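Reading the structure
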Amino acid sequence: MRSEIAELLYKLENSKDDKEYYENFLSFAKTLQIKNNSKSDGWISSQVRRKYNSYTDEEIEEFLKNPRNNEKQLRELARYLENTSQIFQKLVGYLPSIAMVCPVLIPTRMDLGTIKVKFKDASDYLTLLNLPHNLLQVYRVCFREDVFYGLEYETNDAYFIRQLDPDYCRISGVEYGSYVFQMDMSFFDNKKNSDVDIELLDEYEQYIPGFFTKAYNAYKKDSNLKWAEIPGSNSICIKLKEELDYCYPPYASAYKDIRDIEDYKALAKVAEEQANYKIIGFKIPRLDSSKSDRTDNFAVKLSTAELFFDLARESIDNNIGMFYSPMDFEDINFASSQSNSRNRVKEATDQLYDSLGFSKLLFNSDSATTLQYSTRLDESQIFALNRQLETWVTRKFMYKFKGNFRCEFVDVTQLTVNDVADRLIKAATYGVPTVSHYCATLGISQSDMIALNYLQNDVLDIQNTFIPLSSSNTQGKIGESQAGRPETKNPTSESTVENREQGTNEETQASKL
């Protein structure tokens, strides 16, 4: 704009005498336009605009309105936010982080002749599954995306679960009370596993030998057969929101709130930068117009002003703006004159936790007394997921041990493990068979419990060989046959006389001494 004005002046005042003056003025204006780079409104608004992944805000609104037809997009948003938003990452990881997997094996048929042998094999198999480790990813994915699809790899010595791409899977039914699913065979079209340099089809054949090759060949012959039913004996499918017949990430409703928090953070940052922004003005002196025919008669040459401007620019940080002006100007201050003590980022964050039903104290605690009951509802979501996992593990024992055993998960979390353990051990003292549950809360499997009990009692004979160290708590004085505090036999003591006069029980006992 400055150069356009100068060019216009050049055309209007293009006289022979003033030609050199206006050429210098034009050159000066163009140089000024390049060197005087100050912050603009466009720069500010570009800082506060947010776009999740490759989706606009309007598209996200549409996804939330029609989740059934936008399952893939909602999952992508959940993954993107988990990687980019610390708040969303805490939300997704909160419940899985407090979950504890404490499985207990319970016989369903009491055949006293073979139950001991069968139980030993079943408990060893439960230990092989290593559920406390392998189910961590199941919890995490379910609370992020709603559904977990997986293949099981099992040998005599190892077991793990491989998560499948949910974009190529769909729930197809229920078997022994647990979900089964189908997989789209187009997943194997021209795809390689770049990590191990192997065809995906060859890799997946290791999980269920012969199954995927047969299903994929059938799909190549007839495209209508692209959905293949994965055997329930080699797969796992867990859905958090069982009441919905489509996938809906549990925290999808928080997408907009997280966007607002990020926007408020950006605005606060811009406001802080503006408050600290400085700009320096250089006034170019002019001669008295009454003594000259030229209106803009500068007292110094524009080339001289440009020279000193460059010298100043080299000595001043680039974050400080600079400008020329032939007119007087006042102090320039970008800091807001209004006092606003509201922390909009904190307010938006608190509103997010409130909308999700979580106590904000869980993530930024300034008081521990209010947490005792605020976590009960949160834990109920974990326990509901445990019921599905119990059914899935019981299905595995149905296949392998013909339904002779079922699995039960102790309802316990990292927040309540001490209370639950105390309740279980107290019940055991009254004869309730809760020792296996108690050991499970301590992280001791039933097979380990049997092995450690045998080691302690039969091998090490700890109850007879483990002698406590001598101390005042375990022995009496020399010459005394009994340990502990000696009894006082003094019927004439002041307290005994007083008790005798009052006729108390203590007086009666003292009289017998």
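This write-up is about the structure you can find in this document. (Residues numbered from 1 in each chain as written. Predicted model: local features only at pLDDT ≥ 70, side-chain atom pairs only at ≥ 80, totals over all residues. Heavy atoms only, no water.)

1. Some thoughts on helix 4 (residues 57-65)
- Every buried residue belonging to helix 4 is among I60, F63 and L64, and all of these are buried. Down the axis, helix 4 shows its buried residues gathered within 95 degrees of arc, on one side only. Opposite the buried face of helix 4, by more than 90 degrees, sit the exposed residues E58 and K65. (Buried < 20%, exposed > 50% of the residue type's maximum accessible area, 1.4 Å probe, protein only. Helix = DSSP H or I, 4+ residues; strand = E, 2+ residues; numbered from the N terminus. Arc of directions from axis to C-beta.)

2. A few points about the sheet that holds strand 9 (residues 235-239)
- Spatial strand order, 3-2-9: three strands in an open sheet with antiparallel pairing. Strands at the two margins of the open sheet, each flanked by one partner only, are strand 3 (159-163) and strand 9. Neighbouring strand axes in the sheet, compared pairwise and without regard to direction, differ in orientation by 30 degrees on average.
- With five bridges joining them, strand 2 (residues 147-154) and strand 9 adopt antiparallel strand pairing. Bridge pairing links G150 to I236 in strand 9.
- Here helix 9 (residues 136-145) sits on the sheet in contact with strand 2, strand 3 and strand 9, set at roughly 160 degrees to strand 2. (Pairing = 2+ DSSP bridges. Axes fitted to C-alpha atoms, helices over the stretch in contact; angles between N-to-C directions. Contact = heavy atoms within 4.5 Å.)

3. Some points on the packing of aromatic side chains
- Per the counting criterion, the structure on display carries 21 aromatic pairs.
- Measuring from centroid to centroid gives 5.3 Å for F187 and F188, while their planes differ by 75 degrees, and the two rings are edge-to-face. Taken individually, F187 and F188 each receive the classification buried, so the pair is uniform in this respect.
- Ring centres 6.2 Å apart and planes at 80 degrees place the aromatic pair F188 and Y216 in the edge-to-face group. One end of the pair, F188, is in the loop between strand 5 (178-184) and strand 6 (192-193); the other, Y216, is in helix 11 (residues 211-221), and 28 residues separate them in sequence. One exposure class covers both F188 and Y216, and it is buried.
- Joined through ring pairs, the aromatic side chains of Y153, F160, Y168, F187, F188, Y204, Y207, F211, F212, Y216 and Y219 make up one cluster.
- Here R170 stacks its cationic end above the ring of W227, 4.1 Å away from the centre of that ring. (Phe/Tyr/Trp six-rings, centres within 6.5 Å; stacked < 30°, edge-to-face > 60°. Lys NZ or Arg CZ within 6 Å of the ring centre and 35° of its normal.)

4. Notes on unusual backbone geometry
- Its identity is not glycine, yet K402 carries a phi of approximately 55 degrees, on the positive side.
- Looking at the secondary structure, you find K402 in the loop between helix 16 (376-401) and strand 12 (405-409).
- Judged by its relative accessible area of 68%, K402 falls in the exposed class.

5. Points about helix 7 (residues 115-129)
- For helix 7, spanning 15 residues, the distance from its first C-alpha to its last is 21 Å, which sits close to the expected 21 Å at 1.5 Å a residue.
- For helix 7, every residue scored as buried is listed here: I115, F119, A122, S123, Y125, L126 and L129. One face of helix 7 carries all of its buried residues, which in axial projection span an arc of 160 degrees. Along helix 7, the residues that are exposed and aim more than 90 degrees away from the buried face are K116 and V117. (Expected span 1.5 Å × (residues − 1).)

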